[in-house]
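This is what each chain is made of:
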Amino acid sequence: MNKFPSLKQLHYLVTLSETHHFGEAAKRCFVSQSTLSSGIQNLEELLDCHLVERDTKAKTLVFTSMGEQVVDRARELLACSRDLVELSRCSGDVMEGPLRVGCIPTIAPFLLCGLVQQVNILYPKLNLLLREDTTVNLLEALQHGEMDVLILALPVDIHGMSSKVVGRDGFKMVISKNQAASVTMPLHYADLPDKSVFLLEKEHCLTEHAVSACKLTSKEKINPFTATSLHTLVQMVANGLGTTFIPEMAIKHGILENQNLVVIEPPGQDAYREIGLVWRPTSSRTVVFEKLGEIVKGLL
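Thresholds, definitions, all that
- Residues numbered from 1 in each chain as written.
- Predicted model: local features only at pLDDT ≥ 70, side-chain atom pairs only at ≥ 80, totals over all residues.
- Heavy atoms only, no water.
- Helix = DSSP H or I, 4+ residues; strand = E, 2+ residues; numbered from the N terminus.
- Axes fitted to C-alpha atoms, helices over the stretch in contact; angles between N-to-C directions.
- Parallel < 35°, antiparallel > 145°, perpendicular 65-115°, else oblique.
- Left-handed = near helix turned anticlockwise from the far one by under 90°.
- Contact = heavy atoms within 4.5 Å.

A. Region of interest: unusual backbone geometry. Backbone torsion omega between leucine 154 and proline 155 reads 5°, so that peptide bond is classified as cis. One can find proline 155 in the loop between β5 (149–154) and β6 (162–176). Residue lysine 215 is not a glycine yet carries a positive backbone phi of 60°. Phi is positive for asparagine 258, close to 65°, though the residue is something other than glycine. With respect to the helices, strands and loops of the structure, asparagine 258 is situated in the loop between α10 (248–252) and β10 (261–264).

Below you can see the structure in the form of C-alpha cells.
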C-alpha cells in the first residue's frame, strides 16, 4: 500500500522554509526540535530524496532544488486543506465565519470601511479579517493559503488564480491652482516641464496602471522621486512641485479636501483601472466571494 506525506510533515517543511532555523520552526509548530527534525527526515525517506542540506557545525541549512519544489507543492496542499476545513465549517451557512481579505493601499483606505459596514449589516455572522499590503505580497500570501480573497487593481499577473472584475475606477490628474493658470486645456504632456509628474513607488501597481491608461510615454516628464502613498503625492503637488494621477475613489473620499488643487482630465481618453476580486481556483468559498464582489461593486 502506497504511503503519502502527512499534512503535519508538510507543515513542518513549509515552516522550516520560512524560518531557515529548526528551533524557530519547532516553536512555530508547537513541537520539540527533535520532533520537527524527525518529521522532515521521515518525509525525505518517504519521498526518497534530500530536501534539506544540514550543516550541524555551522548550524546552517540550505534547501535543495527538489526541496524548494516540494515546499511550493506543500503550500498548495496546505491551502487546499484549509479550504476543505472552511467548507465543512460553513456547511450550514456559507456567509459566516472568518474571511481573510487582502487589499492594496491605493484601494483600502477608500473602500474597506464601507465594505465592513455593509458586511456587518447584510451578513453579521461573517467576520472580515483585513490586511493591507502590496499586490506582490498579497498574491504570495494567497498562494500560501494565508489569505482567502484579495481586492486588487487589474490587470495584473495573478499567477493562475481566479478573478472577477467588479468595477472601474477612473484616473484624474491634479495640479495646484497657481500652476493650472499657466496650463493650456486640454492638457498635453508636451506642455509640462520635465520631471514634473510624480508617481508612486513601483511596488504599487497604480503607477503602471496610471501611466498606461493615461498614455504617458515621455519618461523625461517623470520625476525620479517616488512616493509611498497617495497622500504624499497630494502634498508634493499641493506645494507646487508638479502634477500626479489620483484615482477617482480617493478624490470622492476627500483626499483633496483643504488642498489648493485643481482636478483635470488626463490626456488618455476614458482612463481607468479595473477593480477585481482574486482567489485560489481550489477554494470552496466562491459563493462568498461572489456576494462580497456585489458589495464592492455597489460601493464603487
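B. Geometry of the packing of helix α1 (residues 7–19) against helix α2 (residues 22–29). In the contact formed by α1 and α2, the axes pass within 8 Å of each other and the chain directions differ by 130°. Considering their axes alone, α1 and α2 lie oblique with respect to each other. Remark: the crossing between α1 and α2 carries right-handed chirality. Each of His11, Tyr12, Thr15, Leu16, Glu18 and Thr19 in α1 lies in contact with α2, whose residues at this interface are Phe22, Glu24, Ala25, Arg28 and Cys29.

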